Amino acid sequence: LTTMATSTDSFYLGFDFSTQQLKVVAVDGNLSVVHQDSVQFDSELPEFGTQGGVHIHADSLTVTSPVLMWVKALDLILGKMKNAGFDFSRVKALSGSGQQHGSVYWRKGTNQVLRDLHPGKSLHELLKGGFAVSDSPVWMDSSTTEQCQYLETAVGGAQRVADITGSRAYERFTGNQIAKIYKAQPEKYEDTERISLVSSFAASLFLGSYAAIDYSDGSGMNLMDIFSKQWADSCLEATAPHLEERLGALVHSSAVLGLLSPYHVTRYGFPEDCKVVAFTGDNPGSLAGMRLQEGDIAVSLGTSDTVFLWIKEPRPTVEGHIFCNPVDRPSYMALICYKNGSLTRERIRNKCAGGSWEVFSSVLRTTPIGNDGNIGIYFDAMEITPSAVGVHRFDKDNTKVSAKTGEIRALVEGQFLAKRVHAEKLGYKISEWMPNISNNMQSHSSSLHTQVLSDVFDAPVYTIDVANSACLGCGYRALQGLVAESGVSFAETVRKAPEPQLAVTPTPGADKHLNWVEVRTLTGPLQKAYFLLLKPF
Ligand SMILES: O=C(CO)[C@@H](O)[C@H](O)CF
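Our subject in this report is the structure included herewith. Predicted model only: the values in this text are computed from it and were never measured.

From N to C terminus, the protein includes 24 helices and 24 strands. Residues classed as buried in the protein amount to 62% of the 537 residues present. For the protein, the proportion of contacts with a sequence separation of at least 24, taken over those separated by at least 6, is 72%. Surface summary for the protein: the accessible area is close to 19400 Å², and the carbon and sulfur share equals 52%.

Next up on the list: the packing of aromatic side chains. This model, assessed by the stated rule, comprises 16 aromatic pairs. Judged by centre distance (5.5 Å) and plane angle (35°), the ring pair of tyrosine 170 and phenylalanine 173 falls under tilted. Taken as a pair, tyrosine 170 and phenylalanine 173 share a single burial class, namely buried. Members of the aromatic cluster, each reached through a chain of ring pairs, are Phe17, Trp70, Trp106, Phe131, Phe201 and Tyr210. The ring centre of tyrosine 170 lies 5.4 Å from the NZ or CZ of arginine 172, which sits over that ring. Note that arginine 246 overlies the ring of tyrosine 189, its terminal NZ or CZ placed 4.2 Å from the centroid.

In this section: the sheet that holds strand S4 (residues 55-56). Taken in spatial order, the three strands line up as S4-S5-S8 in an open sheet, and their pairing is antiparallel. Both edges of this open sheet fall to S4 and strand S8 (135-137), since each of them pairs with a single strand only. Where S4 meets strand S5 (residues 63-66), two bridges bridge the pair, whose relative direction is antiparallel. When the sheet's bridge partners are listed, histidine 55 is paired in S5 with threonine 64. Against the sheet, helix H3 (residues 67-83) contacts S5 and S8, and its axis sits at roughly 40° relative to S5.

Attention shifts here to the environment of cysteine 324. Take cysteine 324: it is sitting in strand S17 (residues 321-324). Along the chain, cysteine 324 and serine 167 lie 157 residues apart, while their C-alpha atoms are 12 Å from each other. Ignoring any residue separated from it by four or fewer positions in sequence, one finds cysteine 324 in contact with Tyr215, Ser216, Ser219, Met224, Ile226, Lys229, Ser331, Tyr332 and Met333.

If you look at the biggest cluster of nonpolar residues, it comprises 84 residues, and the most contacted ones within it are Phe15, Trp70, Leu74, Phe201 and Phe270. Considering each element in turn, this core owes the most residues, 10 residues, to H3. Ignoring anything within four residues of it in the chain, the contact list for leucine 74 reads Phe15, Phe17, Leu22, Leu123, Leu205 and Phe206.

On the basis of which strands lie adjacent, the open sheet formed by three strands has the order S19-S20-S21 and antiparallel pairing. The sheet terminates laterally at strand S19 (375-379) and strand S21 (400-401), the two strands that pair on one side only. Each of S19 and strand S20 (390-394) touches helix H18 (residues 407-425); the most contacted strand, S19, lies at about 75° to it.

Rules of the game
Residues numbered from 1 in each chain as written. Predicted model: local features only at pLDDT ≥ 70, side-chain atom pairs only at ≥ 80, totals over all residues. Heavy atoms only, no water. Helix = DSSP H or I, 4+ residues; strand = E, 2+ residues; numbered from the N terminus. Buried < 20%, exposed > 50% of the residue type's maximum accessible area, 1.4 Å probe, protein only. Contact = heavy atoms within 4.5 Å. Areas by Shrake-Rupley, 256 points an atom, 1.4 Å probe, with all protein chains shown as cover. Phe/Tyr/Trp six-rings, centres within 6.5 Å; stacked < 30°, edge-to-face > 60°. Lys NZ or Arg CZ within 6 Å of the ring centre and 35° of its normal. Pairing = 2+ DSSP bridges. Axes fitted to C-alpha atoms, helices over the stretch in contact; angles between N-to-C directions. Core = buried A, V, L, I, M, F, W, Y, C linked by side-chain atoms within 4.5 Å.

Printed below as a string of structure tokens:
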């Protein structure tokens, strides 16, 4: 297996079913990228009518995505690869990731449909009637507060839920979404034979049967005990009846789930012995792609922004999340998530820079570090960290102001200051930063963002040269899956991958302008801003 895994004529695929698009990266045995492609949901699948890949419902709390859009996106991307002449016959293994917490409800009888996929038809045609719930709840949803309160009461409080599952009850977490469906649409729950995460749903499309949920993405459900790595009975019972049989057994994140479905072998020319390695969450996938090691910390900018790091000794709290580590079984990963990420940056780009990243960058470049003490908090949608909403701007005296000069720098510095404040409040040590600037930003914008990130954190920043770290990480994990059983570590598997490059170091004197020392304390401008913002209205 080791010999086969390192031969350069072999390919390994990593897919990422993220919020706004489906992406794929192919790497060879030397972990060099040999192919990349993507399908943008809004523009390439307009029949589903999504904005930013989702439907925000009239209550402005419920957020869903049509599951058949994800199915059709897979048909499209594999078709694009075939038309581009990609040699599927060289793919030895594939894996992938999905936006975390989202859930898919397979209708009774669909497992048989998955087993008998006809290679002459598209997956979209074959699975049209395969889902009991056509609009899957996704991570941007914040409509399940009632279910969260019920779970915390039933289990013994917010900290108790965090001690078991790694997080207090969060609205976007899968268990609370299942509870809402069981309560509001019991007939659909009854008609459901399997519940997948987006990651294990995607794996099922390749496996040709229901794929298991992995420990890492399973940690984002408020249903799994992150220490025993089993479903937590107290959480299952507080969510819905006969739930464990719908979830199936959990697997570790480097498990080989089985052979690729004959559907893909016949339709695209994959080899018959191509292996499917467990899919996982997009952030665990990014941790793999950024090759984080213990003590590193990462900032990933995308539809959601996240701060995450590799830890050995988890200390679950009522802020932030602890997930099982996707590439090292005894370890964990800590994560803080921000809902107002790229969609908010794009709104300010459209408002203040005429929709141009070039103008956005030049404005950012020409405004002073620290923005003369003007700070902005931009929660267009109900934020996850902290739980607050609305746009709030403060001048250097912490007076709330309406009109805003320097709004672009106020947004970018405010988003990074918040990340530093929360990371340090939770005790994360800042040793080395590797941001992954999402691919929806032009390169020069990302270099500017990287400089602001370095200035705010007062730390060197390293970047990787592939736009999508989750796909890359899952290509690495596909290879790792073939050798994990023989005890080869992930670090050993990826030792030939390109090293993260030092991108920027802090601007000399930046800390004096950003009064980031103050930011660390409860009297710092951002902390005060949060107090002003969070006090009862
Ligand atoms: O909710 C999140 C993590 O907890 C988001 O980062 C989603 O994974 C984005 F897809």
